[in-house]
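Remarks on the overall topology
Letter by letter, the chains look like this.
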Amino acid sequence: MKARRFEEVLEECLAAQLEGRRTVEESLSLYPSLACELEPLLRAAASLSDVYQRASPPPYIVELGRERFLAAAAARARARAGVGRARHQSGPWGLRLWGAVGAAAAAALAAAAVGIAALIGSGGGGEEMAGSGPPDTGPAPAVLNLNDWQQAHEHLKDAAQRGAPIPQADLETIKAFTEKWKGVDPTTLRDEERLELEQAVRQQYETLAGLTAGQPGPVPPDEIFSVLGSTKELADKLGLQLPGFSPAPASPGGTATPEPQPSPSPPPEATPGPAPTPAPSPEGESVPTDPIFQPS
Amino acid sequence: MSPNGEAHGERLLVDAARAGEEHALSELYTLYFPRVYRYILARTGNPYDAEDLAEEVFMRMLEAIERFQWREAPFSAWLFRIAHNAVISYRRKDGARGRASPLSDGLALDSQGPDELVENRLALNEVMLAAEKLPEAQRQVIALRFAAGLSVAETARAMGKGEGNVKVIQHKAIARLREMMGQPKRAKVYEGKKV
């Protein structure tokens, strides 16, 4: 009971101190019977707060990050607007039906056929609109077809999180995707397409880098490193600065690819509730099981 | 502004950001980027990684903000949950390579003059080295409370723990840090004064 009361008092004083409402001396005078125990802790806390609060990100980093953040937000908004228009035009059945019926059926709806035919002609039918670019008139030099990639990437991520063997077919899909886009001039891409591609490359790099840190299963590490290297080449072509990447010396294993230090955070999928969310163990370095990082 | 007023203001901001309003997104970024950066710096000890990871956290936030719901957890707790998981993923790889993350000269510290900069850098380095020796939960509480500036309630939500538990962890963490940083167990004897 006494310990609990002390912790309550400590927190009350800390909160007031951190919010600038009270000095250490004022807190000590409020709780004279606890002052001997409180003082060293409050002073240590004041030092901690002071030290941490002095560390600020460089202003140019803040602004650069803000530009990228807002650009990504704008690209998402534009892509979403394109999805909304296309879905409205194509009716409730989506593209899969039109792909099955064929061009004759698509031509029956002239306005919808302009956008839908462009998508069917560029990458096959049955695609979700999200990530495929706006169905504007005129052929795009490259239309993003991320469905296969997304599926393969999700499988890789899932395998990485579970420590499961990597499916060879999914790695081949990733490899083919990477080689395909290495052959494309990024200046021919529209802004939203380029942003989506950049995001995909970034995610792919992070996932593959995570896999290089020891992966059981039939896929040899060399193959993963090879795809990782190709991904890095594609990232360089896009002018991407990969998170945490630094040209550090290779590990004693002697891989050709410099050791990356990405921050792989699979797209959060759900909002964590305070109670039902399975909290990661705070005492160990466990794999996060928070639903915010579970694939859909 | 009263705490309720601030909470209401943030709720409007977050809701506007969820709707895709650029000014709201920019405002959220301004409000939280330095705090996320400090939190990640406190957890990783590497300013370059803190820069990159902080940016990554905001990209992830962007992907998920539409699905964010106002339940009992405030927005800050949700955001720092993302940051925490990003750090965990980062440390899995860093730990796998056995690589340390010493504090870099590239760290920007609010200082007046080179002497103070050196002093501040040394102080932060000392704190960082000591904090690395704390158990994970204590280190996280220190980072959330003192680096990120979260309240106990927000810290508890971010960690998925009860507030009482967080207060206990906080007490132990501060006491242990103080011990490791070489301060005497008891400072000068406080002479009680009549208020």
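As the structure is a computational prediction, the values presented were derived from the model and not from experiment.

1. Brief notes about the overall build of chain B
- The number of helices and strands found in chain B is eight helices and zero strands.
- Mapped from its N terminus to its C terminus, chain B presents α and β elements in the order α-α-α-α-α-α-α-α.
- Here chain B, with 195 residues, has 54% of them falling under the buried criterion.
- If you take every contact in chain B between residues at least 6 apart in sequence, the share linking residues at least 24 apart comes to 60%.
- Surface accessibility of chain B: about 8,500 Å² in total, with carbon and sulfur atoms responsible for 50%.

2. Some points on the overall build of chain A
- Looking only at helices and strands, chain A has eleven helices and zero strands in total.
- Secondary structure elements in chain A, listed N-terminal to C-terminal, are α-α-α-α-α-α-α-α-α-α-α.
- The proportion of buried residues among the 296 residues of chain A is 48%.
- In chain A, the share of contacts with a sequence separation of at least 24, taken over all contacts with a separation of at least 6, comes to 61%.
- Entry remark: accessible area of chain A is about 13,400 Å², with carbon and sulfur atoms responsible for 58%.

3. Some details on the confidence of the model for chain A
All names here are of chain A.
- Confidence in the prediction for chain A averages 68 pLDDT; 54% of positions are at 70 or higher.
- Here helix α5 (residues 94–101) stands out as the element of chain A with the lowest mean pLDDT, 50, in contrast to helix α2 (residues 24–30), whose mean of 94 is the highest.
- This model gives residues 123–143 a pLDDT under 50, and the stretch forms 48 contacts once residues within four places in sequence are excluded.

4. Quick notes on the packing of helix α2 (residues 22–44) of chain B against helix α3 (residues 47–64) of chain B
Residue and element names in this part refer to chain B.
- Contact geometry of α2 with α3 gives a least axis separation of 8 Å together with a crossing angle of 135 degrees. Put simply, α2 runs oblique to α3. Seen from above, α2 lies across α3 with right-handed handedness. For the pair formed by α2 and α3, the contact residues are L25, L28, Y29, Y32, F33, V36, Y37, I40, L41 and T44 on the first element and P47, D49, A50, E51, L53, A54, E55, V57, F58 and L62 on the second.

5. Description of the packing of helix α7 (residues 152–159) of chain B against helix α8 (residues 163–180) of chain B
Residues and elements named next belong to chain B.
- α8 packs onto α7 with a crossing angle of 100 degrees between their chain directions and a minimal axis gap of 9 Å. In terms of orientation, α7 lies roughly perpendicular with respect to α8. Side by side, α7 and α8 meet where V152, A153, T155, A156 and R157 of the first sit next to E163, V166, K167 and Q170 of the second.
- When the residues that make up the contact of α7 with α8 are grouped by side-chain class, the tally is four nonpolar, two polar and three charged.

6. Considerations on α7 of chain B
Residues and elements named next belong to chain B.
- Counting buried positions along α7 gives six out of eight residues, so the element sits mostly inside the fold.
- Those residues of α7 lying buried are V152, E154, T155, A156, A158 and M159.
- Remark: G160 follows α7 within two positions and exhibits a positive phi of approximately 70 degrees.

7. Some remarks on the nonpolar core
- Within the largest apolar cluster, 86 residues are counted, with the highest numbers of intra-cluster contacts made by L38 and Y52 of chain A together with V36, F75 and F80 of chain B.
- Per-element tally for this core: the top contributor is α2 of chain B, with twelve residues.
- Residue contacts for F80 of chain B: discarding those within four places in its chain leaves Y32, R35, V36, Y39, L144, A148, L150 and A158 of chain B.
- Grouped together as the second largest cluster of nonpolar side chains are 29 residues, W149, A152, I166 and I224 of chain A included.

8. Observations regarding the pattern of salt bridges
- Inspection of the entire model under this criterion finds 16 salt bridges over all chains.
- A salt bridge links E39 of chain A to R43 of chain A, with the shortest nitrogen-to-oxygen separation between them at 2.9 Å. Within this pair, E39 of chain A and its partner R43 of chain A are both found in helix α3 (residues 35–54), separated by four residues, close to a single helical turn.
- By relative accessible area, E39 of chain A is classed as buried at 3%.
- Assessed through its relative accessible area of 30%, R43 of chain A is described here as partly exposed.
- Its salt-bridge partner being R68 of chain A, residue E55 of chain B comes within 3.0 Å of it at the nearest N-O pair. With one member in each of two chains, E55 of chain B in helix α3 and R68 of chain A in helix α4 (residues 59–90) form a pair that bridges those chains.

9. With respect to the side chain of Q17 of chain A
- With respect to the secondary-structure elements, Q17 of chain A resides in helix α1 (residues 2–18).
- The contacts of Q17 of chain A, once residues within four sequence positions are left out, are R22, V24, L42, A45 and A46 of chain A.

10. Structural notes on the packing of aromatic side chains
- Counted according to the given criterion, the structure contains twelve aromatic pairs over all chains.
- Ring plane angle 25 degrees and centroid distance 5.5 Å describe the contact between F69 of chain A and Y29 of chain B, whose orientation is recorded as stacked. With F69 of chain A in helix α4 and Y29 of chain B in helix α2, the pair connects residues from two separate chains.
- Among the aromatic side chains, those forming a connected cluster through ring pairs are Y32, F68, W70, F75 and W78 of chain B.

11. Comments concerning α3 of chain B
All names here are of chain B.
- Between its terminal C-alpha atoms α3 stretches 25 Å, which fits the 26 Å expected from 18 residues at 1.5 Å a residue.
- Extensive coverage of α3 is indicated by the burial of 17 of its 18 residues.
- Here α3 starts with a cap whose side-chain oxygen sits 3.0 Å from the backbone nitrogen of Y48, and that cap is N46.

12. Section: the confidence of the model for chain B
Residue and element names in this part refer to chain B.
- When the pLDDT values of chain B are averaged, the result is 82; 79% of them are 70 or greater.
- Across residues 96–102, where pLDDT falls below 50, the model places 18 contacts with residues more than four positions away in sequence or in other chains.
- Across residues 184–195, where pLDDT falls below 50, the model places 15 contacts with residues more than four positions away in sequence or in other chains.
- The complex model carries a pTM of 0.57, and its ipTM stands at 0.83.

13. Side note on the environment of A209 of chain A
Residues and elements named next belong to chain A.
- The topology assignment puts A209 in helix α10 (residues 191–211).
- Given a relative accessible area of 0%, A209 falls into the buried group.
- Remark: the alpha-carbon pair of A209 and I224, spanning 15 residues in sequence, is separated by 8.5 Å.

Reading the values: the criteria
Residues numbered from 1 in each chain as written. Chains lettered and ligands numbered in written order. Predicted model: local features only at pLDDT ≥ 70, side-chain atom pairs only at ≥ 80, totals over all residues. Heavy atoms only, no water. Helix = DSSP H or I, 4+ residues; strand = E, 2+ residues; numbered from the N terminus. Buried < 20%, exposed > 50% of the residue type's maximum accessible area, 1.4 Å probe, protein only. Contact = heavy atoms within 4.5 Å. Areas by Shrake-Rupley, 256 points an atom, 1.4 Å probe, with all protein chains shown as cover. pLDDT = per-residue confidence, 0-100. Axes fitted to C-alpha atoms, helices over the stretch in contact; angles between N-to-C directions. Parallel < 35°, antiparallel > 145°, perpendicular 65-115°, else oblique. Left-handed = near helix turned anticlockwise from the far one by under 90°. Nonpolar A, V, L, I, M, F, W, Y, C, P; charged D, E, K, R; others polar. Core = buried A, V, L, I, M, F, W, Y, C linked by side-chain atoms within 4.5 Å. Salt bridge = Lys/Arg side-chain N within 4 Å of Asp/Glu carboxyl O. Phe/Tyr/Trp six-rings, centres within 6.5 Å; stacked < 30°, edge-to-face > 60°. Expected span 1.5 Å × (residues − 1). Polar contact = N/O pair within 3.5 Å; in protein donor to acceptor, adjacent residues only side chain to side chain.

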